[in-house]
Amino acid sequence: MVKKPTYEELKKRVQELERSEKALLENEHKLANHLQETPVGVLSWDLDFKATEWNPAAEAIFGYTKSEALGKHATELILPEDMKELVDDLFKNLISQKGGARSTNENITKDGRRVICEWYNTTLKDIDGNVIGIGSLFQDVTERIISENHLQESEERFRILFENAPLGYQSLDANGNLIELNETWCKLLGYTKEEVLGKNFSDFIHPDFKEIFKENFPKFKRVGYILGIEFEMIKKDGSEIIVAFDGKIGHGDDGSFKQTHCVLSDVSERKRAVDALRDSEEKYRTMMESMKDAAYICSPELRIEYMNSIMIDRVGRDATGEVCHKAIYGQDKKCSWCVFDQIEKNEHVEYETLDPKDNNYYMVSSSPISRSNGTISKLTIFHDITKIKNIEENLRQSEKMESIGTLAGGIAHDFNNLLYMIVGNTELALEDIPKWNPAYTNLEEIKSASLRAAGIVKQLLNFSRKTDQERIPIEAVAVIKDSLKFLRSTIPTTVEIHQHLPEEDIVILADSTQINQAMMNLCINASQAMEETGGNLNITVKLTRSETEKTNGFEGLTPGKYLKITLTDTGPGINPEIINRIFDPYFTTKAIGKGSGMGLSIVHGIVKNHGGAICVDSNLGKGTTFRLLFPVVDEKAVNKTKTADEFSLGTETILFVDDEQAITDMTQKVLEKLGYRVEARLNPVEALDLFKLKPDTFDLVITDMTMPQMTGAKLSEKLKELRPDIPIIICTGHSSLIDEEKAKRFGIDGYLMKPASMSTIAKAIRNVLDK
């Protein structure tokens, strides 16, 4: 029979339970505070690997609040999706082993940053010892890992630098024994490290110089450094070399001698060179006299010691013996840019300067010349770099054109889409209006203007190299004549045009529209400069050769024949301060409404993209001259003839995809006018789903390129997977991702550039379907 506890025993047990519960609550409170305050991240996960605990440190590291994190799988919070299987395996191993594991992982924060964390993961158990989840402690060690990597990289770089330095390095102990050296030292004398470490440095010195080392080593240790000692050493193969020796003492923490740090360089060649130089001064003078650059030598007192013949011609007299700042630079006192201070430190100095005497750029280099009496003179050479500066300027201009090209490409897509809607709806309206109606003519003008606007966008893309341009052999003189005929009606009568064109035509590989555009821009610019005062505009066209033009401001031309166009006006001229900027995009001196600043930029781009060159000369009050060169080709000119619009009809079923409602509605009407059955979709995903349901229903797919969720190219790829024989046409306003050549490589059957007329669309469809 079990004895019942007394009231006092029960009361005592209740009191113990209450104390235990209170202690447990206090411990839980302390643990909760610790979880909130600890800088270490604390997480826990259930058996489905979803977060069940998330402390502030975890929030600070990963950016998720506790409410955002709880209940989410690790790969939704801190790990890439493709690591799910790895995480599952890790957690399963922990649960099965019922132990702990450490790891260092790369994790992802809420804002997408990558951080490196050290983790300690262990199993969590209930009171019966059953595993109920995973507990994780972690900390962000990104900076430490990066620092360690940087340190390792730095140490490796130092080791490589140390071993491969151009100077030999050695370290000696207090007795002069070798305790450290680099590979360069070993290569210098032909030994391996193992053969020399521990041996006395004097063992490798030529017997005639051993006393120098014995005398200087104690002094070296006492003074702390040694500079410029030279002596002969014996290599392993018995040959001799002359080395220059510089060193410094390394001290221990207590300030006592620890070791020496010394560098050795082989100066055998230098010593021989000095002797050879001393013996060849006459040869040196001959060289100075024969060089094409102006050169002079001056003493530390700034007196000219020598001038070569080019410098004498530059100054106008032999100024040997005179002070250089007066004779060379026309200064009454020492030049503010004088570099003699650096020269006396045995430094070589170079700088660029623009000489106002001839307006040429020079690279001025000054080098020290050591004299036998220990003094240092200065050799200064003027090298003409005007041609190089001109080439650099051309390169900068090309970079500016590239930047405007980026802008042109950005607007082309949307602008061409708008023009496509205008052209398409205009053509639909023309189909419904009789030709005798006055509105018919107006609509034709709208269509024509829209297509011309599309041509302007194409020209912008062409000159900026954003799209391919069609170049064919053309009769350039005939194109220029046509341009000038049109110009006469647009230029004020106060401006007289004088043409000097050759009788025979000259063939160049070009886009005639762009040549016309260049002529129009240059001539209109010139006429606007003379519109208030009137004047003459002279246009001369002739055949020339690159050899003739290289002396006329055109550098770097490919050898051959060129078409040369010279346009000269009698206007006010261009200010020299801005003449280098006239080809910059958006640069203009005209009043608001008079110009956009794009005309000369477009001209520059057209000329450069045709492999040509352009330059300008101008004098204030005397007018401006532009000279353009285009390479001539030995080919027969191609005469392109325009054909009237033809509407090729059909009865096939077409799936049309474009994300703009207005374009979709308009194109569907156009295609139905041409006789086709059309199903249109605004979403490429919906179009793909429709195609999956009835792939054999459609005879052709026409799709836009730039769409949300899926590009036209990607949609085409998926459609071809379902039905390889389905014909597809890509239609785009402009995309850097695709052009006609890329479309062919992707297996796409046709390519249309917006805006496209009804006849162009009809022809493209039949070209694809009738293959």
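All of the points below concern the structure found in this document. (Residues numbered from 1 in each chain as written. Predicted model: local features only at pLDDT ≥ 70, side-chain atom pairs only at ≥ 80, totals over all residues. Heavy atoms only, no water.)

1. A short note on the side chain of Arg 627
Within the secondary structure, Arg 627 is located in strand β22 (residues 623-631). Looking at Arg 627, the relative accessible area reads 10%, which means it is buried. Side-chain polar atoms of Arg 627 contact the side chain of Asp 617, separated by 2.6 Å. Discounting residues that sit within four places of it in the chain, Arg 627 has contacts with Asn 552, Phe 554, Lys 564, Ile 565, Thr 566, Ala 613, Ile 614, Cys 615 and Asp 617. (Helix = DSSP H or I, 4+ residues; strand = E, 2+ residues; numbered from the N terminus. Buried < 20%, exposed > 50% of the residue type's maximum accessible area, 1.4 Å probe, protein only. Polar contact = N/O pair within 3.5 Å; in protein donor to acceptor, adjacent residues only side chain to side chain. Contact = heavy atoms within 4.5 Å.)

2. As for the pattern of salt bridges
Counted by the stated rule, this structure contains 21 salt bridges. Between Arg 144 and Glu 148 there is a salt bridge; the shortest N-O distance is 3.3 Å. Linking Arg 144 with Glu 148, this pair stays in helix α6 (residues 142-164), spanning 4 residues, or about one helical turn. For Glu 148, a relative accessible area of 37% gives the class partly exposed. Note that Lys 326 and Asp 332 form a salt bridge whose closest N and O atoms lie 3.0 Å from each other. For Lys 326, a relative accessible area of 45% translates into the label partly exposed. Put simply, Glu 118, Arg 144 and Glu 148 are held in one network by salt bridges that share partners. (Salt bridge = Lys/Arg side-chain N within 4 Å of Asp/Glu carboxyl O.)

3. With respect to the sheet that holds strand β17 (residues 495-500)
Read across the sheet, 5 strands follow the order β17-β19-β20-β22-β21 without closing on themselves; strand pairing throughout is mixed. This sheet does not close on itself; its edge strands, each paired only once, are β17 and β21 (613-619). On average, adjacent strands in this sheet sit at an angle of 15° to one another, irrespective of strand direction. Bridge count for β21 against β22 is 7 bridges, and the pairing is antiparallel. When the bridges of β22 are listed, Ala 613 appears paired with Leu 629. (Pairing = 2+ DSSP bridges. Axes fitted to C-alpha atoms, helices over the stretch in contact; angles between N-to-C directions.)

4. Examining unusual backbone geometry
Cis geometry is found at the peptide bond from Lys 754 to Pro 755, where omega equals -5°. Tracing the sequence through the fold places Pro 755 in the loop between β27 (750-753) and α25 (758-769). Of note in this structure, Phe 49 is not a glycine but carries a positive phi near 65°. Structurally, the position occupied by Phe 49 is in the loop between β1 (41-45) and β2 (51-54). Here Phe 49 falls in the buried class, since its relative accessible area comes to 8%.

5. A look at the packing of aromatic side chains
Aromatic ring pairs are defined here through the distance separating the ring centres and the angle between the ring planes. Across all of its chains, the model carries 12 aromatic pairs by this definition. Ring geometry for Trp 119 against Phe 138: centres 4.5 Å apart, planes inclined by 25°, an arrangement best described as stacked. With a gap of 19 residues between them, Trp 119 in strand β4 (residues 114-125) and Phe 138 in strand β5 (residues 131-140) connect regions that are remote in the sequence. With respect to burial, Trp 119 and Phe 138 carry one shared label: buried. Considering the side-chain rings of Phe 231 and Phe 245, the 5.8 Å spacing of their centres and the 45° angle between planes classify their relative orientation as tilted. Residue Phe 231 is found in strand β8 (residues 225-234), and its partner Phe 245 is found in strand β9 (residues 240-251); the two are separated by 14 residues along the sequence. (Phe/Tyr/Trp six-rings, centres within 6.5 Å; stacked < 30°, edge-to-face > 60°.)

Interpretation in functional terms is not warranted from these geometric data alone.
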